[in-house]
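Notes for the structure review
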Amino acid sequence: MQIGFQIATTIMTLFAMFQSTKWKMMLVFTINNIMLVAMYFSFGRIASACVCIVAALRTIIYMIFALKKLKPNIFILIFFELAFVMSTVLTWQDAFDLLPMFGLLISGYASWQNNQWILRIGYVLDPLLFLAFNSIIGAWIAVVAEIIALISSTISLIYYCVWEQQEPILKKLNLLKLFKNKKSDETNTFIEDVNTKKSE
């Protein structure tokens, strides 16, 4: 069962990173968080499973707001951030429980706000902490999932936040290049016509 949950988490993690809209990302992350709850319970990591339950509730709420094109108010953010801390404190097992808590605190703020840069940077930092935690508890397939999440988050950050921002500039540069080529062709044609007339 542990292997099955880890494989499901890996698939969901990869799928989530390439969603172009926020509500789709939140939907896939909700499914992913449910898989993480089952996985951490199977490893006997109660605190980690509990914070993932809170994370699943959070992504559901954020998805509803995203569908309505609204931003959750600051009180919703504070409620879930405190819920992460309280669920960790109440089910504390050891200091390693702080890793998923801090990962979810970071992704919690990143998911709350609407800036795509911050959102995707948050989802680059989050897998780093879960990567460390999953390595400690021996969830090796989940480690692969976090490596995939880290790579895909970085790629999506570059694609959606860097490349798409540069694309209009690149298009302008291409148009400028075409314009220069056109002028150059016209100049060459004019010179050829002059030379032809001279020879005549």
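Since we're looking at a predicted model, the values are computed, not measured.

**Focus: unusual backbone geometry**
Note: most residues except glycine have negative phi, and most peptide bonds are trans. With a phi close to 55°, K69 is a non-glycine residue in the positive phi region. Inspection of the secondary structure puts K69 in the loop between α3 (46-67) and α4 (74-90). According to the relative accessible area criterion, K69 is exposed, its value standing at 78%.

**Looking at the packing of helix α5 (residues 98-112) against helix α6 (residues 116-137)**
It is at 8 Å that the axes of α5 and α6 come closest, and there the two elements cross at 170°. In this view, α5 runs roughly antiparallel relative to α6, as classed from their interaxial angle. Judged by the twist between their axes, the crossing of α5 over α6 is left-handed. Contact residues: α5 offers L99, P100, F102, G103, L104, I106, S107, Y109, A110 and S111, while α6 offers I118, L119, G122, Y123, L125, D126, L129, F130, A132, F133 and I136.

**Focus: α3**
Taking 1.5 Å per residue as the helical rise, α3 with its 22 residues ought to reach 32 Å, and the 32 Å between its terminal C-alpha atoms agrees with that figure. The first or second residue beyond α3 is K69, which carries a positive phi of 55°.

**Examining the environment of D126**
Topologically, D126 is positioned in helix α6. When the C-alpha atoms of D126 and G103 are compared, they prove to be 4.5 Å apart, with 23 residues separating the residues in sequence. The contacts of D126, once residues within four sequence positions are left out, are G103, L104 and S107.

**A short note on the packing of aromatic side chains**
For any pair of aromatic rings, geometry is given as the distance between the ring centres together with the angle between the planes. Per the stated rule, a full pass over the model turns up 3 aromatic pairs. Relative to F133, the ring of Y40 has its centre 5.6 Å away and its plane inclined at 70°; by these criteria the two rings are edge-to-face. Highlighted residues: Y40 in helix α2 (residues 22-42) and F133 in helix α6, separated in sequence by 93 residues. Grouping residues by exposure puts Y40 and F133 together as buried. One aromatic cluster is present, formed by Y62, F79 and F80 through successive ring pairs.

**Some points on the packing of α3 against α5**
The interhelical angle for the contact between α3 and α5, taken along N-to-C directions, is 5°, at an axis separation of 10 Å. In terms of their interaxial angle, α3 and α5 are classed as roughly parallel. Touching S48, V51, C52, A55, R58 and Y62 of α3 are P100, L104, S107, G108, S111 and W112, all from α5. Considering only residue class, the contact of α3 with α5 consists of 7 nonpolar, 4 polar and 1 charged.

Thresholds applied
Residues numbered from 1 in each chain as written. Predicted model: local features only at pLDDT ≥ 70, side-chain atom pairs only at ≥ 80, totals over all residues. Heavy atoms only, no water. Helix = DSSP H or I, 4+ residues; strand = E, 2+ residues; numbered from the N terminus. Buried < 20%, exposed > 50% of the residue type's maximum accessible area, 1.4 Å probe, protein only. Axes fitted to C-alpha atoms, helices over the stretch in contact; angles between N-to-C directions. Parallel < 35°, antiparallel > 145°, perpendicular 65-115°, else oblique. Left-handed = near helix turned anticlockwise from the far one by under 90°. Contact = heavy atoms within 4.5 Å. Expected span 1.5 Å × (residues − 1). Phe/Tyr/Trp six-rings, centres within 6.5 Å; stacked < 30°, edge-to-face > 60°. Nonpolar A, V, L, I, M, F, W, Y, C, P; charged D, E, K, R; others polar.

Shape descriptors only; they carry no functional weight alone.
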